[in-house]
Amino acid sequence: MTESNEFVPILSLNSIDQPILLKRCKTLIEKFKSLYNNPPDFIARAPGRVNLIGEHIDYAGFGVLPMAISNDQKSWDFEGKDKIVEIIVEEGVSEWSNYFKCGYKGILRHLGIENPVGMDCLMDGIVPIGAGLSSSSSFVCCAALATSHANNAKLTKKQITEISIECERFAGMNSGGMDQTASIFSQFGHALYVEFLPTLNATPTKLPTTNSPITFVVANSLVKADKVITAPIHYNLRVVETKLAAYHLGQLLFGEGCENLKHLCDLYSKSTKVTIDNLEKLSDYVDQVYKKNQNGYTLEELSVMLKLSSTEIYDKFIAKFPVRAERFHLYKRSKHVFEESCRVLKFYKVCTSGNNMDDIKVFESLGNLMNQSHQSCKELFDCSCDELNDLVKICLDGGAFGSRLTGAGWGGCTVSLISEDNVEKFIQHVVTNYYNLKFPSLSKNELNDAIFVTKPSNGAMILKDLLDN
């Protein structure tokens, strides 16, 4: 488990043993010099992430299993300029600058700084936008990290993460916390098992060792998913639906509404420890309560069920992050959350005990869980799309043991589990059967950006000693 009092590492650029990253840093240092006639004082770096399993359950309080990718966001800073007097975050606006302002404002608010150090900044990012790889959250983390370092704040990884989670909500997203945690806490060569309640914990997790190493390939559907713009009918609506289910199920089981589905699980288990057995029992209970009405409930029907007026429901669940819906789907959303949480625990169990299993059993066990996850995202959480479903099928036909959407969905990327010795053949199959047919004009470089092998990468860091390069 990563200690919550650890600080984001501050490293010399000379210590980085990653030629591509080093070359990119040097190029951008020169660009900074040409813009500002001074070298930068430091580089803040925060990576994107790919979620291996555990979709749309972080904001319900349950654990997830992502890993950082090498694609990142960077901020080059020169301190000592005039202070910035006011910064306004525009809610519901998807401009990249809004995410920088979220991180900047969040740190200043947390530290109570009224006269911050001014900064000349150069931003650069290679996390594809709207691809479900955490381009926005990694940018918020990067801005928060740069701002805290420039103002000589000594904040732990946990503090930076929690501030980033909270301040991204300035932009109108009711985010759960997986993306920011993966960006800050990840370690090279490890996935990350993240628990949110009762407190934020991040456990670096080695994937099982197999003769042909476990490999993940990310493939972008090239359908852009703008979470902020569609939040009222997609992402934020799903948050509200899970909270409505938690409140109602809590009333039925315990006589009082619960804050989220993890809170419900804790009361049911009489413990904060989540077990597969209790998750399965709660999933069965969801069937008993809601399965007869899978078409959802109107606001008027919810008012009767929850014993709250429509105004009280709006004020309690909707006002902070407005949503638009004629019907609220409590069955499908809560069913997905409990079953997906169960899959995360099973995936984690294979990761921690898989070295005692046959290789084929490891691949099949992890792959089957990923496939079940995608089916649930498609059928219960309604967060997939035709292109993602086509891409998943093509990936499975091409030899993937498992394939699923990753990130919020409604577009973006898939992640597929394959053996390392099948990488070249697999990628060619996907290129031939998806990209060449749907996007025949893509260049070689564009294809390389659209489908790529990824391995667990480092989390956020500050790079210093830039003048020596």
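The name given to the protein in an unreviewed UniProt entry is Galactokinase, with Gigaspora margarita as the source organism. What UniProt records for the protein under Sequence similarities (unreviewed entry) is the sentence "Belongs to the GHMP kinase family. GalK subfamily."

Among all positions in helix α8 (residues 261-269), only Leu 261, Lys 262, Leu 264, Cys 265, Asp 266 and Ser 269 are buried. Tucked into the core, α8 has its buried residues touching α7 (235-254), α9 (276-290) and α12 (330-353). Where α8 starts, the residue carrying a side-chain oxygen 3.2 Å from the main-chain nitrogen of Lys 262 turns out to be Asn 260. Within two residues after α8, Lys 270 carries a phi angle of roughly 55°, on the positive side.

Our next topic: the UniProt feature "domain: Galactokinase N-terminal" (unreviewed entry) in the protein. Look at the UniProt record and you will see "domain: Galactokinase N-terminal" (unreviewed entry) annotated at residues 30-72. Helix and strand shares over residues 30-72 are 16% and 47% respectively, and the end C-alpha atoms of the span are 19 Å apart.

This next bit is on the UniProt feature "domain: GHMP kinase C-terminal" (unreviewed entry) in the protein. Look at the UniProt record and you will see "domain: GHMP kinase C-terminal" (unreviewed entry) annotated at residues 363-435. Each end of residues 363-435 is marked by a C-alpha atom, and these two atoms are 26 Å apart; helix forms 58% of the span and strand 16%.

In this model, the largest pocket occupies a volume close to 1,000 Å³. Forming the walls of the largest pocket are 38 residues, and the residues nearest its centre are Ser 70, Val 453, Thr 454, Lys 455 and Ser 457. Taken together, the elements giving at least two residues each to the lining of the largest pocket come down to α1 (19-36), β3 (65-81), β7 (214-220), α16 (444-450) and β10 (451-454). Sorting elements by how many residues they give to the lining of the largest pocket places β3 first, with five residues. Of the residues that constitute the lining of the largest pocket, the class distribution is 18 nonpolar, 11 polar and nine charged.

Following the criterion strictly, the structure yields 11 aromatic pairs and no others. A ring pair is formed by Phe 32 and Tyr 36, whose centres lie 4.7 Å apart and whose planes are at 50°; its orientation type is tilted. Residue Phe 32 and its partner Tyr 36 are located together in helix α1, separated by four residues, close to a single helical turn. Between the aromatic rings of Tyr 193 and Tyr 348, the centroid separation amounts to 4.3 Å while the plane-to-plane angle is 25°, which identifies the pairing as stacked.

Criteria and cut-off values
Residues numbered from 1 in each chain as written. Predicted model: local features only at pLDDT ≥ 70, side-chain atom pairs only at ≥ 80, totals over all residues. Heavy atoms only, no water. UniProt positions renumbered as here; feature names shortened; annotations may be inferred. Buried < 20%, exposed > 50% of the residue type's maximum accessible area, 1.4 Å probe, protein only. Helix = DSSP H or I, 4+ residues; strand = E, 2+ residues; numbered from the N terminus. Contact = heavy atoms within 4.5 Å. Polar contact = N/O pair within 3.5 Å; in protein donor to acceptor, adjacent residues only side chain to side chain. 1 Å grid on protein atoms, 1.4 Å probe; cavity = no way out; pocket = protein on both sides within 12 Å on 5 of 7 lines; lining within 4 Å. Points joined across faces, edges and corners; volume = space filled by probe spheres on them. Nonpolar A, V, L, I, M, F, W, Y, C, P; charged D, E, K, R; others polar. Phe/Tyr/Trp six-rings, centres within 6.5 Å; stacked < 30°, edge-to-face > 60°.

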